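So you can see what is in the structure, the chains are spelled out below.
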Amino acid sequence: MGWLPEAVSTYADRIDGIFYLILVITGVIFVVVEAVLLLFVFKYRHREGRAAHYTHGNTKVEIVWTAIPALLCVLIGVLSIGPWLEIRNQANIPADAYAIDLTAKQFEWNASYPGPDGRLGTADDVIKRNQIHIPGDRPVVVTLRSEDVIHSFFLPEFRVKQDAVPGMEIPVWFQATRTGEFTLACAELCGTGHTRMGGRLIVHSAEDFNAWLQSEGAGPPLGPRVAEASAEDIPDQEASADVPSERPVAVGTASPSTDHDHP
Ligand SMILES: [Cu+2]
């Protein structure tokens, strides 16, 4: 089914799977409910001489129509836990993600890149308005802030949507699956200029991204992406028993960037 925008992040397909699951469940229920409604409208229509039948309820039927939706909600919740933890659990933000800051205000997005000192949050940061440039060969972590009201960082093609809340720093990570230009929008009604609040997210190849950094006078070029730690990289002592997990654990490397010290 091609009803959604092109999916260009590594986790977009899993989110789409949940969307479609919910669509199928609610779609089937919708059709059944409307069919029964029409049937009853016809079957119990007014007829001369037929007295109305009064009922005070049916406990069995009420238990069934409460239990089924409750079980469906639990099912959807269980199936969502995996993607939720992968995407939202801050411990799962890839350790080598390229970090930028993104500040929302009425009505624009300002993206900050490390300047020549390679650090975010310093005076030499490079700031771009309504344009986010990212490298396509590695994950990116965007730390969201808002200067005024609640906005919502929305990248439809990436299936990324996260509120930017005044007073909070909220990290969001994603990784592109191809280069190109994509939609940047605000998904939270934030004032009269809300509909104009948007721009472009540009995914560059690794080389192009470094060229872009240079052309903007921004931070040092990115090195080649280091492959994710494999079992061989883990010292023998730790390679035993409790360590092997599917993905490298990023404990402590990706806390909300209050220190602005991402490499
Ligand atoms: Cu907004």
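What counts and what doesn't
- Residues numbered from 1 in each chain as written.
- Predicted model: local features only at pLDDT ≥ 70, side-chain atom pairs only at ≥ 80, totals over all residues.
- Heavy atoms only, no water.
- Donors = N, O, S within 2.8 Å, 3.2 Å for Na, K, Ca; no water.
- Tetrahedral: all angles 85-135°; square planar, octahedral: opposite > 155°, others 65-115°.
- Helix = DSSP H or I, 4+ residues; strand = E, 2+ residues; numbered from the N terminus.
- Buried < 20%, exposed > 50% of the residue type's maximum accessible area, 1.4 Å probe, protein only.
- Phe/Tyr/Trp six-rings, centres within 6.5 Å; stacked < 30°, edge-to-face > 60°.
- Lys NZ or Arg CZ within 6 Å of the ring centre and 35° of its normal.
- Axes fitted to C-alpha atoms, helices over the stretch in contact; angles between N-to-C directions.
- Parallel < 35°, antiparallel > 145°, perpendicular 65-115°, else oblique.
- Left-handed = near helix turned anticlockwise from the far one by under 90°.
- Contact = heavy atoms within 4.5 Å.
- Nonpolar A, V, L, I, M, F, W, Y, C, P; charged D, E, K, R; others polar.
- Core = buried A, V, L, I, M, F, W, Y, C linked by side-chain atoms within 4.5 Å.
- Salt bridge = Lys/Arg side-chain N within 4 Å of Asp/Glu carboxyl O.
- Pairing = 2+ DSSP bridges.

Caption draft 1: Layout of the coordination of the copper ion. Around the copper ion, the protein contributes the donor atoms His151 (ND1), Cys186 (SG), Cys190 (SG) and Met197 (SD), which lie 2.1 to 2.5 Å from the metal centre. Considering all four donor atoms around the copper ion, angles at the metal cover 90 to 125° and the coordination shape is tetrahedral. Read in sequence order, the donor residues for the copper ion give the motif H-x34-C-x3-C-x6-M. In this pair, His151 is assigned in strand β6 (residues 151-155) and Cys186 in strand β9 (residues 180-186), connecting sequence segments 35 residues apart. Judged by its relative accessible area of 0%, His151 is buried.

Caption draft 2: Structural detail: the packing of aromatic side chains. The full count for this structure, using the stated rule, is nine aromatic pairs. On the numbers, 5.5 Å between centres and 80° between planes, the contact of Phe40 with Tyr44 is edge-to-face. On the numbers, 6.4 Å between centres and 40° between planes, the contact of Phe153 with Phe174 is tilted. With Phe153 in strand β6 and Phe174 in strand β8 (residues 170-174), this residue pair connects regions lying 21 residues apart in the sequence. The exposure classification of Phe153 matches that of Phe174, with both residues buried. The rings of Trp109, Phe153, Phe158, Phe174 and Phe182 are connected pair by pair, giving a single aromatic cluster. One cation-aromatic arrangement involves Arg45 over Phe42; the distance from NZ or CZ to the ring centre is 4.4 Å. Here the basic side chain of Lys161 rests over the ring of Phe154, its NZ or CZ set 4.4 Å away from the ring centre.

Caption draft 3: Quick peek at the packing of helix α1 (residues 12-43) against helix α2 (residues 59-88). Relative orientation of the contacting elements α1 and α2 amounts to 165°, with a least axis distance of 10 Å. Between α1 and α2, the angle is such that the two are roughly antiparallel. For the element pair α1 and α2, the recorded crossing hand is left-handed. Facing α1, whose interface residues are Arg14, Ile15, Ile18, Leu21, Ile22, Ile25 and Ile29, α2 presents Leu72, Ile76, Leu79, Ser80, Gly82, Pro83, Glu86 and Ile87. Here the contact of α1 with α2 is built from residues that sort into eleven nonpolar, two polar and two charged.

Caption draft 4: Geometry of unusual backbone geometry. A cis amide bond, omega 0°, links Gln106 with the succeeding residue Phe107. Of note, Phe107 is situated in the loop between β1 (98-105) and β2 (108-113). We note that Asn130 has phi near 55°; this positive angle belongs to a residue other than glycine.

Caption draft 5: Inspection of the nonpolar core at higher detail. Counting 43 residues, the largest nonpolar core has Trp109, Ile132, Leu144, Phe153, Phe158, Phe174 and Leu201 as the members making the most contacts within it. Counting residues per element, this core draws most heavily on β1, at five residues. When sequence neighbours within four positions are dropped, the list of residues in contact with Phe153 reads Leu102, Trp109, Ile132, Val142, Leu144, Val160, Lys161, Gln162, Phe174, Leu184 and Ala185.

Caption draft 6: The pattern of salt bridges, seen in detail. Scanning the model with the defined rule gives eleven salt bridges in all. A salt bridge links Glu108 to Lys105, with the shortest nitrogen-to-oxygen separation between them at 3.9 Å. Judged by its relative accessible area of 13%, Glu108 falls in the buried class. Across the salt bridge formed by Glu216 and Lys128, the nearest N and O atoms sit 3.3 Å from each other. Here Lys128 lies in strand β3 (residues 126-129) and Glu216 lies in the segment after α3 (206-215), a separation of 88 residues in the sequence.

Caption draft 7: Molecular detail of the side chain of Ser112. Residue placement: Ser112 occurs in strand β2. Residues in contact with Ser112, not counting those within four places in the same chain, are Ile100, Asp101, Leu120, Asp125, Val126 and Ile127.

Caption draft 8: Examining the environment of Phe153 more closely. Residue classification places Phe153 among the buried positions, given a relative accessible area of 0%. Taking the C-alpha atoms as reference, Phe153 lies 9.3 Å from Gly198; in sequence the two are 45 residues apart.

Caption draft 9: Structural detail: the sheet that holds β9. Strand order in the open sheet formed by five strands is β4-β10-β9-β6-β7, with mixed pairing between adjacent strands. Each edge of the sheet is formed by a strand with only one pairing partner; in this case those strands are β4 (131-135) and β7 (160-164). Going from strand to strand, the sheet's axes swing by 20° on average, the running direction of each strand aside. Both β6 and β9 contribute to a ladder of two bridges, which runs antiparallel. Residue pairing for β9: Phe153 is matched across the bridge by Cys186.

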